[in-house]
Structures are given as structure tokens and as C-alpha cells.
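Now for the letters of each chain:
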Amino acid sequence: MRTPDRVGHVFLPAWRRLLCLLLLLQSMASLSDEPVRKLLVRDGRTLEVIIGVDFDTSEHERLTDWVAYISDALANVFGHWPRHQWEIAITPAAAAGDDPIPWAQIHRNTVDRVDFFIAPRASLEQLKHAWTGYHELAHLLIPYQGWGDSWFSEGLASYYQNLMQARNGVLSEEEAWQSIYDGFSRGRADTEFDGQSLEQVSNTMRVNGGYMRVYWSGAWYFLTIDVLLRRQSEKSISLDTALQKLNNCCADDSLSAIEIARKLDELNGVALFGTLFNQARQSTRVPGFESIFTYLGINVIEGKVQLDTSGPGAALRQQITYLPNLSE
Ligand SMILES: [Zn+2]
């Protein structure tokens, strides 16, 4: 509960003191002693939204609307939420700043929980446009438990945060590719550990840094695989459908990154995830993305992306940011 420490230190006229007291009592009356729990249900799966005690009750609807929006974006990747039961906890962030979601973290367990720390005054629109919401939820697309190779999990989240925003109308197709291009550029500019393998940089990232190199090398891995899967299967298989198969078999398993890659190959009858896994792991800088962009009809002129509207690559590219066809 909020503490009214500062009120006593301000000298105010009597009528103002009374007004302050009334406002304070009103605000205390609309806070609850326990976190508020709301249940969202979708296709028999449940998401418990846990709203921290420091939010006013008048804010609960806005927060629940935001969670409903981003959790819809997650469900749209392969048709349902990855787990039968999961939780999102929201707490107001203490630090002031422009970022609507300054901090977030994931706890993987029997019931996965995502903790969001948000700017208390962030509007629904600001929250919907904050990439962190999509990034964190995208981590749940694979049953990864955090045993090494964090480039794999961070790359998946960095790639999908853009797809989820574009598919749900938060970013245009061009803005999504601009954001992916900007990410690759930040990864390329993060040169401190160039020459060292991604495996090594990834495993020491939380101590030494190199986050952009790690995140965007991982995003390169998933973009490359998504494009190859769609090309080789004439668009009948995509990263979305590959992850759907993984979820159907193994959502409740605890798998390492390489185990997930091997499982994805096995389930989808391909030899891509494992081979490219080793290639990415041994890379010594963010691998080249230019030829993929050229194939997809993405031109970059002075740092700005421009999209071709025709050609086989452009059609494939447009499918990536459309809501997937889940009938297959
Ligand atoms: Zn992440």
C-alpha cells in the first residue's frame, strides 16, 4: 500500500489540508490489500492476471485490456496459448522514465509466469506499443528452461516481437522490417566480442555484455530458418507451424536449446534447425542478412527499408507478417 509520508511535511491552508485528506482517503479506499487476480480463458486454457496492490482499482480494466491484447498476439502464433495454465503479474515500476515497461522477467515452472514492471501512468495505447510485452510472451513459444545458449531463446523473442506487433496492427509491415533491420544493425555495431564464437559470448553475456550481438545473431537464425522452411515447402511449413508441432508434443517438457533444435528437425522432417544451430553458435559476428533481405524484396537505402511489392520473395515476405493460416 502507498504510504502518505510527504503530506505531513507540506504546510497547506486548512481547506487544502482537508481536501488532501479526502483525496488520500479516497485513494486508500480504492487500493486493495491483496493482489487482484483476474482469469482470462481461451479455448479451455487459462491465464491468471495478477495485478499488484499498488495499482488503483480504476486502473485494473486498462491493465486487463492490455494483457488480453498481448496474450491474443501470442495465441495467434500457433492458434492457442503455449501452456494450459499460465500467469502474468503486473507491478508498478519505481523508476520514472519514458519506457512504459522498464523491466520484465520470466519464471518457467509448472505454471509459467511473466512479471511486468510498468510505468504507473502508461496508457493502454503506450502499453500496446511497447515491444517488451511481445518479446517476453514470445519466450513462451518454446519449452526452454534457461540452460545455456541464451542466444537461441533471445533470438526467437527478438524475431517474434516484430512479427507479433505487425500481425496485430501495432507495426506496419515496413515498420516491422525496419525494426528487424535496426536490430541487425545494432548487433553488427556491438563489435566488442567480434572474433569470439556466439556460444562463448552468449554464455558470458550477463557478466561481460554483448547483448545486441547475442540477441540479433539469434534473430538471424530464426529469420533464416523461417524463410528456408517457407521456400522449401512452398509455404506449407513455416516457423509458426514448426513451433506448433513442438508445442503439441513437448510443451510441458524441459528442453535445452540444442534439444529443441533437434526436436524441431525431427517433428518437421527437415535438417535445418540442428545444422544452422551449429553454424550460428560458431559465428564470430552477426551473420550476413543482406542476401535474405534481397530475396525478400527488402531494399535498404541510407538506413531506411523499402519493400518491393511484387516477386516471389515479396509474396513470401508478406506472409511472414500476416496472421498465419492455422487450418493446416
Ligand atoms: Zn528476452
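Scoring rules and cut-offs
- Residues numbered from 1 in each chain as written.
- Predicted model: local features only at pLDDT ≥ 70, side-chain atom pairs only at ≥ 80, totals over all residues.
- Helix = DSSP H or I, 4+ residues; strand = E, 2+ residues; numbered from the N terminus.
- Buried ≥ 20, exposed ≤ 12 C-beta atoms within 10 Å, placed from the backbone.
- Expected span 1.5 Å × (residues − 1).
- Arc of directions from axis to C-beta.
- Contact = placed C-beta atoms within 7 Å.
- Pairing = 2+ DSSP bridges.
- Axes fitted to C-alpha atoms, helices over the stretch in contact; angles between N-to-C directions.
- Parallel < 35°, antiparallel > 145°, perpendicular 65-115°, else oblique.
- Left-handed = near helix turned anticlockwise from the far one by under 90°.
- Core = buried A, V, L, I, M, F, W, Y, C linked by C-beta atoms within 7 Å.
- Domains from an automatic or database assignment.

The name an unreviewed UniProt entry gives the protein is Peptidase M61 catalytic domain-containing protein, with Candidatus Marimicrobium litorale as the organism.

Asker: Would you mind going over the overall build of the protein with me for this structure?
Answerer: Counting its secondary structure elements, the protein contains 14 helices and 7 strands. For the protein, the proportion of its 328 residues judged to be buried stands at 36%.

Asker: I tried to follow helix H2 (residues 60–78) on my own but got confused; where do I start?
Answerer: An α-helical segment advances 3.6 residues per turn. Residues three or four places apart therefore align on the same side. If you check H2, its first and last C-alpha atoms are 28 Å apart, about what 19 residues at 1.5 Å a residue would give, namely 27 Å. Where H2 is concerned, the buried positions are Leu63, Trp66, Val67, Ile70, Ser71, Ala73, Leu74, Val77 and Phe78. Down the axis of H2, the smallest arc covering the buried residues is 150°, so these residues share one side. Residues of H2 that are exposed and point over 90 degrees away from its buried face: Glu61 and Asp65. Two residues or fewer past H2, Gly79 is found with a positive phi of approximately 95°.

Asker: Explain helix H6 (residues 173–189) here, please?
Answerer: For H6, which comprises 17 residues, the first-to-last C-alpha distance of 24 Å matches the rise-based estimate of 24 Å (1.5 Å per residue) to within 8%. Taken together, the buried positions of H6 are occupied by Ala176, Trp177, Gln178, Ile180, Gly183, Phe184 and Gly187. Residues of H6 that are buried make contact with helix H5 (150–167), helix H9 (211–232), strand E6 (298–301), strand E7 (304–307) and helix H14 (312–321).

Asker: I keep staring at the pairing of strand E2 (residues 45–51) and nothing clicks. Help me out?
Answerer: For a regular strand, the rule is simple: side chains alternate between the two faces of the sheet. In terms of strand pairing, strand E1 (residues 36–42) meets E2 through 7 bridges, oriented antiparallel. Bridge assignment links Arg42 to a residue of E2, and that residue is Arg45. Between E1 and E2, which pair antiparallel one after the other, the connecting turn spans 2 residues, and Asp43 there sits at a positive phi close to 50°. Relative to strand E3 (residues 85–92), E2 is paired through 6 bridges, and the arrangement is parallel.

Asker: I tried to follow the pairing of E7 on my own but got confused; where do I start?
Answerer: Here 4 bridges tie E6 to E7, and the two strands are oriented antiparallel to one another. Looking at the pairing, Asn299 lines up with Gln306 of E7. Here E6 hands over to E7 after 2 residues, with Glu302 in that stretch at a positive phi of 50°.

Asker: Hey, could you run me through unusual backbone geometry in this one?
Answerer: The phi dihedral of Asp149 falls on the positive side, at around 50°, and the residue is not glycine. Examined against the element boundaries, Asp149 turns out to sit in the loop between helix H4 (131–138) and H5. Of note, Glu302 is a non-glycine position whose phi angle comes to about 50°, a positive value. With respect to the element layout, Glu302 can be found in the loop between E6 and E7.

Asker: How should I be thinking about the packing of H4 against H5 in this particular structure?
Answerer: Packed helices, taken two at a time, are described by the angle between their axes plus the distance between the axes. It is the contact of H4 with H5, at a shortest axis distance of 8 Å, that shows an interaxial angle of 125°. On the basis of the axis angle, H4 is oblique to H5. At the point where H4 passes H5, the crossing takes the right-handed sense. In this structure, H4 uses Trp131, Tyr134, His135 and Ala138 to contact H5, whose residues at the interface are Leu156, Ala157, Ser158, Tyr160, Gln161, Met164 and Gln165.

Asker: Would you take a moment to explain the environment of Leu40 for this structure?
Answerer: With respect to the secondary-structure elements, Leu40 resides in strand E1. When residues no more than four places from it in sequence are discounted, the contact partners of Leu40 are Leu47, Val49, Ala68 and Ser71.

Asker: Got a minute to help me understand the nonpolar core in this structure?
Answerer: As a rule of thumb, soluble globular proteins bury nonpolar side chains together. Within the largest apolar cluster, 78 residues are counted, with the highest numbers of intra-cluster contacts made by Leu156 and Tyr160. A total of 11 residues in this core trace back to one element, the largest contributor, which is H9. Inspection of this core shows a minimum of three residues originating in each of domain 1 (36–141) and domain 2 (150–321). Setting aside anything within four residues of it in sequence, one finds Leu156 in contact with Ala138, Leu141, Ile142, Gly218 and Phe222.

Asker: Would you explain the sheet that holds strand E4 (residues 103–107) in this entry?
Answerer: Each strand in a sheet pairs with its neighbour through backbone hydrogen bonds, running either in the same direction (parallel) or in the opposite one (antiparallel). Taken together, the 5 strands give an open sheet; going across it, the order is E1-E2-E3-E5-E4, and neighbouring strands pair in mixed fashion. Each end of this open sheet is capped by a strand with a single partner; those strands are E1 and E4. Mean inter-strand twist for the sheet, computed between neighbouring axes without regard to direction, equals 15°.

Asker: For this particular structure, what's the right way to read the environment of Pro324?
Answerer: By the element assignment, Pro324 lies in the segment after H14. According to the C-beta neighbour criterion, Pro324 is partly exposed, with 19 such atoms within 10 Å. Taking the C-alpha atoms as reference, Pro324 lies 7.4 Å from Asp240; in sequence the two are 84 residues apart. If we ignore the near neighbours within four places in the chain, the residues touching Pro324 are Ser238 and Asp240.

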